[in-house]
Every structure is written in structure tokens, then in C-alpha cells.
Amino acid sequence: MVFTGDEFADGAQPIINTLQKAEIKASFFLTGNFYANPAFAPAIKKLKLQGHYLGAHSDKHLLYNDWQNRDSLLVTKEEFTKDLLANYAKMKAFGIEKKEALYFLPPYEWYNRAIAGWTDEMGLTLVNFTPGTLSHADYTTPDAKNYRSSAVIFDNIIAYENANKMNGFILLSHIGSNPQRTDKFYTYLPKLITYLKNKGYRFVKIDELLREAGK
């Protein structure tokens with residue numbers, strides 16, 4: 001279970017409480033904007049104290065490549081490197097060293113071969129969510145064409161699991177969302193975790209998951 005975050009953190013405490021009660025660890029990929037926000041510092045400290053994985057998600061949540069033409073880069077290698085190092089510098093303020101957070105999840109979960117290569121050159125491993133469910137749609141707002149309610153997202157995950165199983169799955173959602181979205185998916189997490197536990201799944205941090213998979 002993976003959470004990303006940039007400008008919103010309204011789900012931080014409910015998510016922390018849910019994970020603690022369920023006795024599971026998750027992974028959080030947060031931008032430099034998030035790490036630098038004083039209002040979010042208590043949540044970051046709690047996540048670290050409780051042993052969750054804390055990683056990078058770019059410093060300024062840059063869009064690396066064009067939505068329509070994935071091969072069209074919107075950043076230079078220098079801009080990419082400078083931005084990502086700034087993300088790690090802000091993580092270090094919380095005692096998170098780069099060597100402890102070698103998995104990197106790109107902003108917008110959008111990248112191409114060049115971005116993956118630059119990530120590798122920095123000694124990092126690029127990761128992303130497993131496609132197939134609508135879990136990442138929990139950021140959408142009611143006024144958007146791609147809006148998905150939390151009930152629809154939950155039902156979609158269950159339907160996917162019934163049809164495909166989810167061994168090794170990286171399920172991504174967000175640590176917070178726009179206030180315009182009052183239907184918060186993190187309120188469904190207790191029910192989702194219970195369902196998946198009853199199906200026999202274990203929840204592990206991203207480094208444990210990929211280590212077990214030999215990645």
C-alpha cells in the first residue's frame with residue numbers, strides 16, 4: 001500500500017490511525033513541498049517513528065513529460081537532478097538519508113525511458129503503482145470529468161481482486177486531496193484492509209515487497 005502527497009495532508013492522521021490499528025506498514029512518497037510544510041511535520045515524524053517507508057516524489061511535483069506525447073520531455077536532465085536532490089535534502093531534515101530511500105516514485109506517476117534512466121544514474125530505482133484499479137483516482141473532484149466516488153473506487157478494487165488477484169500489487173492512493181472532494185477514500189481504508197486481510201494478503205513496505213520479488 002503506497003500513498004503519495006504534495007499539497008494536501010488531510011488524510012494523514014486517519015491513515016496513520018488505520019495503519020496502526022491494523023498493525024501494518026505502508027510506503028509514503030512525498031514531495032519536497034510536503035516535507036517543507038511545517039503543518040505536515042508532525043505527521044511525517046509519526047510516520048517515521050512508526051516505521052513506515054518514506055521516499056521522494058520530486059521536490060516541486062514537476063510534470064516530466066507531455067501528457068499526449070510521452071516521449072516529449074518537459075525538463076532537462078539538470079532540472080530533473082537538481083529538483084530530486086532538493087527533495088532528498090528536505091527529507092534529510094527528518095533524518096531520512098538517501099541511502100535509506102532508494103526507491104523513487106515520479107510525480108503524477110508519469111515518466112518515460114529517459115526519466116527512468118536518469119533515476120538509475122542517480123543510484124535510485126524508479127517505481128510506480130500497479131495499473132488495473134481506480135485507487136489513484138481518489139484525488140479527483142466532483143467538477144472533473146474523470147471524477148470517481150470513493151464507493152466506485154472501492155468496488156473497482158474488489159472487482160479487480162476477484163478477477164485477477166493482487167499478489168505483489170502496488171496499490172496507490174493519496175495522503176490528502178483537494179477540499180472540494182469531501183468524499184475521502186481514506187475513510188474506506190479500514191474496510192479495504194479488512195477485506196484484503198481476510199483474503200490472505202500481507203501488507204509490506206515497498207522495499208520489502210521488491211526485495212522479496214528480487215528487484
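Higher on the page you've got the structure.
Residues numbered from 1 in each chain as written. Predicted model: local features only at pLDDT ≥ 70, side-chain atom pairs only at ≥ 80, totals over all residues. Heavy atoms only, no water.

Enquirer: Which residues make up the packing of aromatic side chains, and what are the values?
Expert: The description of an aromatic ring pair uses the distance of the two centres, along with the angle that the planes make with each other. Scanning all chains against the criterion turns up 13 aromatic pairs. An aromatic cluster is defined as three or more aromatic residues linked by ring pairs; in this entry it consists of Tyr-64, Phe-80, Phe-104 and Trp-118. The side chain of Arg-70 reaches across the aromatic face of Trp-110, ending 3.9 Å from its centre. The positively charged end of Lys-191 is found above the aromatic ring belonging to Phe-154, 4.5 Å away from the centroid. (Phe/Tyr/Trp six-rings, centres within 6.5 Å; stacked < 30°, edge-to-face > 60°. Lys NZ or Arg CZ within 6 Å of the ring centre and 35° of its normal.)

Enquirer: Give a detailed account of the environment of Lys-191, specifying residues and quantitative values.
Expert: With respect to the helices and strands, Lys-191 occurs in helix H7 (residues 189-198). Overall, the relative accessible area of 47% leaves Lys-191 in the partly exposed class. (Helix = DSSP H or I, 4+ residues; strand = E, 2+ residues; numbered from the N terminus. Buried < 20%, exposed > 50% of the residue type's maximum accessible area, 1.4 Å probe, protein only.)

Enquirer: Mind laying out the packing of helix H1 (residues 12-22) against H7, listing which residues take part and the relevant values?
Expert: Interhelical geometry of H1 versus H7 gives an angle of 30° and a closest axis separation of 10 Å. Considering their axes alone, H1 and H7 lie roughly parallel with respect to each other. As H1 packs across H7, the resulting crossing turns out to be right-handed. Across the interface between the two elements, Ile-15, Thr-18, Leu-19 and Ala-22 of H1 pack against Leu-189, Pro-190, Ile-193 and Lys-197 of H7. Here the contact of H1 with H7 is built from residues that sort into six nonpolar, one polar and one charged. (Axes fitted to C-alpha atoms, helices over the stretch in contact; angles between N-to-C directions. Parallel < 35°, antiparallel > 145°, perpendicular 65-115°, else oblique. Left-handed = near helix turned anticlockwise from the far one by under 90°. Contact = heavy atoms within 4.5 Å. Nonpolar A, V, L, I, M, F, W, Y, C, P; charged D, E, K, R; others polar.)

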